Amino acid sequence: SDVYKRQEYMGNHQSSEQLKYIVEMEIHHKRDVRQNIKEFIAGCSGGIGRVLTGQPFDIIKVRLQSQSLENPVYKGMVDCFKKTLANEGPKSFYKGTVPPLIGVGACVAIQFSVLEEVKRFFRKPVSYTHLTLPTIYSVQISVVAVSLKKKNK
């Protein structure tokens, strides 16, 4: 049905094999888009999970770091946890969680999506005719970004 509509549209200038190839590529593209969306959602979920599990530890760390050295409020990590829970309740461990949820969730989602796309790219048979200048530049930029990130650590 789609093949015949395309054949009418193209005025019978292409063979049925070429039309089948075009249809297969469109189906593959739709599958890739759905897969990319799934990967983005999975990465976002992972980022949210990371924030929700790490936020209580971050709250305790910040409180310990920001207390006075001369007159400390907390004796250690466990003391900080107990006093915070007793004085402010369990919700206090998630104060200020929304900005990290948005930032880390989006960041991990992008990282996960890019990782999966790169893995798919390298699984394909090598054909240098498909390497475009933007692809080569993006790989070079990624390598430079990773190396700069490692230098800053």
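Data block above holds the structure.
Residues numbered from 1 in each chain as written. Predicted model: local features only at pLDDT ≥ 70, side-chain atom pairs only at ≥ 80, totals over all residues. Heavy atoms only, no water.

K.L.:
Honestly, the packing of aromatic side chains in this entry has me stumped. Any pointers?
P.N.:
Aromatic ring pairs are described here by two measures, namely the spacing of the ring centres and the angle between the planes. Tallied over the full model, the rule gives one aromatic pair. Ring centres of phenylalanine 81 and phenylalanine 93 lie 5.1 Å apart, and the angle between their planes is 25 degrees; this geometry places the pair in the stacked category. One end of the pair, phenylalanine 81, is in helix α3 (residues 77–88); the other, phenylalanine 93, is in the loop between α3 and α4 (98–123), and 12 residues separate them in sequence. On the basis of relative accessible area, phenylalanine 93 is assigned to the buried category, the value being 4%. (Phe/Tyr/Trp six-rings, centres within 6.5 Å; stacked < 30°, edge-to-face > 60°. Helix = DSSP H or I, 4+ residues; strand = E, 2+ residues; numbered from the N terminus. Buried < 20%, exposed > 50% of the residue type's maximum accessible area, 1.4 Å probe, protein only.)

K.L.:
In this structure, what is going on with the nonpolar core? I would like to understand it.
P.N.:
The nonpolar side chains of a soluble globular protein tend to be buried with one another. Counting five residues, the largest nonpolar core consists of Ile59, Ile60, Tyr74, Cys80 and Phe93. If we skip the residues at most four places from it in the chain, isoleucine 59 touches Ser92, Phe93 and Lys95. (Core = buried A, V, L, I, M, F, W, Y, C linked by side-chain atoms within 4.5 Å. Contact = heavy atoms within 4.5 Å.)

K.L.:
Hey, could you run me through α3 in this one?
P.N.:
An α-helical segment advances 3.6 residues per turn. Residues three or four places apart therefore align on the same side. With 12 residues, α3 ought to run about 16 Å at 1.5 Å a step, and its terminal C-alpha atoms sit 16 Å apart, in line with that. Looking only at α3, the buried set comprises Asp79, Cys80 and Thr84. Axial view of α3: buried residues confined to an arc of 125 degrees, hence all on one face. Residues of α3 that are exposed and point more than 90 degrees away from the buried face comprise Val78, Lys82 and Ala86. Just beyond α3, the residue with positive phi is glycine 89, at close to 90 degrees. (Expected span 1.5 Å × (residues − 1). Arc of directions from axis to C-beta.)

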